[in-house]
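Chain and residue survey
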Amino acid sequence: VQLQASGGGLVQAGDSLRLSCAASGRTFSGYAVGWFRQAPGKERDIVAAVNWSGRNTYYGDSVEGRFTISKDNAKNTVYLQMNSLKPEDTAVYYCAATYSSSWPYYTSSADYDYWGQGTQVTVSS
């Protein structure tokens, strides 16, 4: 499966963005998906994750209550709605997928087999 991340940009603190991760090559319905981010000089961290059905989700502590991950299997797309953005959310955001039709989501980058190219999110203060 090939992943294409999009939707990043330059916004001000408090604004919102919606990132999209579109899959091609195979139906997305059997895949768990995660959004990661990497700021300059820092490690790649999990932001949010969703299982194959879209009904089991995970959020990192720093984004809980502000970000929402959703999975539209009919559109082969996963979204990351980001509200109340902060300067510390500035990073390159990556989506990743792994084939799994079980209940869990996955929070480690090592669990994912397919990666998108990344989209830059910059939040100014």
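This text follows the structure it describes.
Below, the structure is looked at part by part.

1. Regarding the packing of aromatic side chains
As enumerated under the stated definition, the model contains eight aromatic pairs in all. For the ring pair Tyr 31 and Tyr 99, a centre distance of 5.3 Å and an interplane angle of 80° mean the geometry is edge-to-face. Here the residue Tyr 31 occupies a position in strand β4 (residues 31-38), and Tyr 99 occupies one in strand β9 (residues 91-99), the gap between them amounting to 68 residues. For Tyr 31, a relative accessible area of 2% corresponds to the buried category. Here Tyr 99 falls in the exposed class, since its relative accessible area comes to 57%. Centre to centre, the rings of Tyr 106 and Tyr 112 are 6.5 Å apart; their planes meet at 90°, and the pair counts as edge-to-face.

2. A look at the state of the cysteines
One pass over the structure, following the stated rule, counts one disulfide. Across the disulfide from Cys 21 sits Cys 95; the S-S distance is 2.2 Å. Its S-S torsion of approximately 70° makes the covalent link between Cys 21 and Cys 95 right-handed. Of this pair, Cys 21 sits in strand β3 (residues 17-24) while Cys 95 sits in strand β9, and the two are 74 residues apart along the sequence. As far as the burial class goes, Cys 21 and Cys 95 line up, both buried.

3. Description of the nonpolar core
One broad trend across soluble globular proteins is that nonpolar side chains are buried collectively. Among the nonpolar cores identified, the biggest contains 30 residues, and Trp 35, Leu 80, Met 82 and Tyr 93 are the most heavily contacted of them. Contributions of two or more residues to this core are made by β1 (2-6), β3, β4, β5 (45-50), β7 (67-72), β8 (77-82), β9 and β11 (119-124).

4. Topic: the pattern of salt bridges
Applying the stated rule across the entire model yields two salt bridges. When the shortest N-O distance is used, the salt bridge between Arg 37 and Asp 89 registers 2.9 Å. One end of the pair, Arg 37, is in strand β4; the other, Asp 89, is in the loop between β8 and β9, and 52 residues separate them in sequence. A relative accessible area of 14% means that Arg 37 is categorised as buried.

Scoring rules and cut-offs
Residues numbered from 1 in each chain as written. Predicted model: local features only at pLDDT ≥ 70, side-chain atom pairs only at ≥ 80, totals over all residues. Heavy atoms only, no water. Phe/Tyr/Trp six-rings, centres within 6.5 Å; stacked < 30°, edge-to-face > 60°. Helix = DSSP H or I, 4+ residues; strand = E, 2+ residues; numbered from the N terminus. Buried < 20%, exposed > 50% of the residue type's maximum accessible area, 1.4 Å probe, protein only. Disulfide = S-S within 2.5 Å. Core = buried A, V, L, I, M, F, W, Y, C linked by side-chain atoms within 4.5 Å. Salt bridge = Lys/Arg side-chain N within 4 Å of Asp/Glu carboxyl O.

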